[in-house]
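In case you want the letters, here they are:
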Amino acid sequence: MDDNLPLTGVRVIDRTDGLGETTSRLLADLGADVIRVEPASGAASRRREPLVDSVSLYYATHNANKRAVVVDDENFLRLIDTADILVTNAKDDIAALRSRKPGLVIVAITDYGLTGPYRDWQATEWTHLALGGVLSRSGLPGREPLLPPGSMAYESACAQAAWAALAAYFGGTGDLVDVSVYEATAQVLDPGFGIGGSATGGVPAANGPRGRPDARHLYPIFRCADGWVRICVLAPRQWQGMFTWLGKPDEFADPALANLGRRFAAAGKIYPAIGKLFAARTRDQIVAEGQDHGVPTAALLSPTEVLQAAQFTDRRAFTSVDGVLMPNGYVEVDGRRAGIRTPAPAHGQDTAAVLGSLTPVAPGAAGTDRKRPLAGLRVLDLGVIVVGAELGRLFADMGAEVIKVENKAFPDGSRQTFDGSAMSPSFAYGHRNKLGIGLDLRSPEGIALFKRLVAESDVVVSNFKPGTMESLGLGYEELAAINPGIVVADSSAFGPTGPWSRRLGYGPLVRASTGLSGLWRYRDDEDSFSDASTIYPDHVAARIEAVTILAKLVARRRTGRGGTVSVAQAEVILGQLSHQLALESVRPGSLAGGAAGDAPQGLYPCAGDDEWCVVTVRGDDDWRRLAAVLETDLDLPAAGDRIAHREQIDALVSAWTSARSPRRAMAELQEAGVPAAMMQRVPELLDDPHLADRGFFRTMRHPRIAEPMPAESAPAVFQRVENPELKPAPLAGEHSREVLARVLGMAAEEIDALIAAGVVEQHADMERI
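Residues numbered from 1 in each chain as written. Predicted model: local features only at pLDDT ≥ 70, side-chain atom pairs only at ≥ 80, totals over all residues. Heavy atoms only, no water.

Digging into the overall build of the protein chain
Secondary structure assignment for the protein chain yields 32 helices and 28 strands. Computed over the C-alpha atoms, the radius of gyration of the protein chain is 26 Å, within 12% of the 27 Å expected from 2.2 N^0.38 for a compact globule of 769 residues. The principal-axis extents of the C-alpha atoms in the protein chain amount to approximately 80 × 65 × 50 Å. Here the protein chain holds 769 residues, and the buried ones make up 61% of them. Of all intrachain contacts in the protein chain linking residues separated by at least 6 positions in sequence, the fraction that spans at least 24 positions is 75%. Of the roughly 28200 Å² that the protein chain leaves accessible, carbon and sulfur atoms contribute 51%. If you average the places of the 79 positive and of the 96 negative side-chain charges in the protein chain, the two averages end up 3 Å apart. (Helix = DSSP H or I, 4+ residues; strand = E, 2+ residues; numbered from the N terminus. Rg over C-alpha atoms; globule rule 2.2 N^0.38 Å. Buried < 20%, exposed > 50% of the residue type's maximum accessible area, 1.4 Å probe, protein only. Contact = heavy atoms within 4.5 Å. Areas by Shrake-Rupley, 256 points an atom, 1.4 Å probe, with all protein chains shown as cover. Lys, Arg positive; Asp, Glu negative; His and termini not counted. Charge placed at Lys NZ, Arg CZ, Asp CG, Glu CD.)

Thoughts on the nonpolar core
Core analysis: the biggest nonpolar cluster contains 137 residues, and Phe395 and Ile549 have the highest contact counts within it. Broken down by element, this core gets its largest block of residues, 16 residues, from helix α6 (residues 152-170). Beyond its immediate stretch of four places on either side in the chain, Phe395 contacts Trp163, Leu374, Val379, Ala400, Val402, Ala546, Ile549, Leu550 and Leu553. Within the second largest apolar cluster, 37 residues are counted, among which are Cys232, Trp239, Leu509 and Ala532. (Core = buried A, V, L, I, M, F, W, Y, C linked by side-chain atoms within 4.5 Å.)

Notes on the side chain of Ser713
The topology assignment puts Ser713 in the loop between β26 (709-712) and β27 (717-718). Judged by relative accessible area, which is 5%, Ser713 ranks as buried. A distance of 3.4 Å separates a polar atom in the side chain of Ser713 from a polar atom in the side chain of Asn723. In contact with Ser713, other than residues within four places in its own chain, are Asp397, Arg432, Gly695, Phe696, Arg698, Asn723 and Pro724. (Polar contact = N/O pair within 3.5 Å; in protein donor to acceptor, adjacent residues only side chain to side chain.)

What to know about the side chain of Ser457
Structurally, Ser457 is set in the loop between α17 (444-455) and β19 (459-462). Reaching out from Ser457, the side chain makes a polar contact with the backbone oxygen of Leu453 at a distance of 2.7 Å. Those residues within four positions of Ser457 in sequence are excluded, and the remaining contacts are Arg378, Leu380, Asn483 and Ile486.

What follows is the structure, encoded as structure tokens:
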């Protein structure tokens, strides 16, 4: 056990099988003593594909850093008596465990939650993507929707569960944390009622078109001499760099093209010129020239190239376990990678050691009142765009006082709107429950004020280009000298070290550099890249960073000191593709080729305009149930038989679904026990009976936005954690006076002088009369 890791001393019992194993792995990476409890026959995930030499790469990648035991009921309860957190898929033994140990945090992570009309439905990765509103925005117009690659729904839900678990634990009383993968998918993967990328101009996905627009112009991809490259030209200064790179042609000299909307309208002329510029250049040449011109640029890499990339090698983002390369954790803590320390355990290998060391502890007491567990914490939020906004919001929703620090000379790109409005729904979603202060951090006086705020705070978060905070004199060493308990967290595209560390980074470039963009396209069209509408991995990266920050705050209770947290968005994607990339390392080309799986598995048309239903047979039992629904006498008892007759089966399923509405098809298949889900569009989530039953949506209002806004509530259904407040997001500098007066005790005259000098900024509406 590494005593330097933040969750040292926290015991987690992992009674999951497949679903939820990432949740406990995240906690294990951060030092928790995670003990897997498996049946005598072993967990089913030990036999889950992909298999290499009879070893499940899924199990190997999702259970590193854990211990494993096989115990009877009596010894399981002895384990519970020593635990702080239980992660489980069980639905039926929770009440007895809560009664036995009221102080235990029980995290029940299931497909649809412990309550609601879908409680007992069947699910797969693809059904969650369909029902959660992700599939409806993936793909190109005129074609069927495109199922995204990887395991993003399940992996992201596990990150959400880890955040909810640790927040409840930090609150100090036991709780039941009911995590639904369906709801987490709707919250974490391109939330329709959450903050979007700056290219959206503040328009949330819920207000987007019904169909799948061709969004490739937002973050265009161009063919070049040796492959493909992507650029992100969003800010006016980036367009100036691109204009210079093109040779400053008169055709594009109109100053109006500094406006994002105007450029998108002129894409039909601008993009061919860029394509011509890039055609004879290599990917490396284009990326280097893009850096020189201040144009964010990235090469599209294949999975094999990702495994060999210098950036990931330099940062030890992969490590070899028994000859297989595996992603080596998600985060860095105090400058050290929180990666794989011990391989996934053999079945029951730690039973004797664990049982021999059990020491009874007090059962603890459950809280009697609902509260927000992070109340009393103060966070200085320098974050921008999506990941920065979301990280601060997570803390604010859980009760922390989050102060957004910004400056009008370098505005947060997510304040950008197509119509010039001071507030957009997207920004309002991403920054609810925060305060806003305007500070000029280019001035010595502004830096001095920020440092005074640090002395009164617990956390500082930022997602600038690596080295920016240090260049301002606000690096960890300087801030820790002021406040030894401060936790300083940063996130960036590729991490603070390595040859790509200073590259300008956006989510689309991260997806390109990790192989995801190349995988997210139709197999029959190499130019059909379809990830432009997503903002993955921003929201999940924010949750992983939030978990790690909170872990450091847990450790501070023990050590009295803060520390640093660093998250690279690229490494979040790698971690969420862990078993797929592990297989790629021993079988090159496997990830791009896809797995054989079973049949039928896919998307089937339903009655209506562009209506679809996902059907996924997982094995022989599912097939028998589906065959009964279809009333077919096809004798296909094994997966190999079904795969060989895939086209025939697909035709049968398509004929059946085409005669039904998507909701009816889903309901009839689920009633038979077959995993199926309609392709639900984002606005349809508002009328979903399961979400309504579980209180998923609440109504949020902002004084600068005419209409009330439906908004997500909490990251899970808690029994002891109060729902988030829904305070309006701040205008720039809206609370400058309040914060300086209340937190620093400054007099009004002193604040007036700082405002007059331009050191402190306030919104025009806040000017004193």
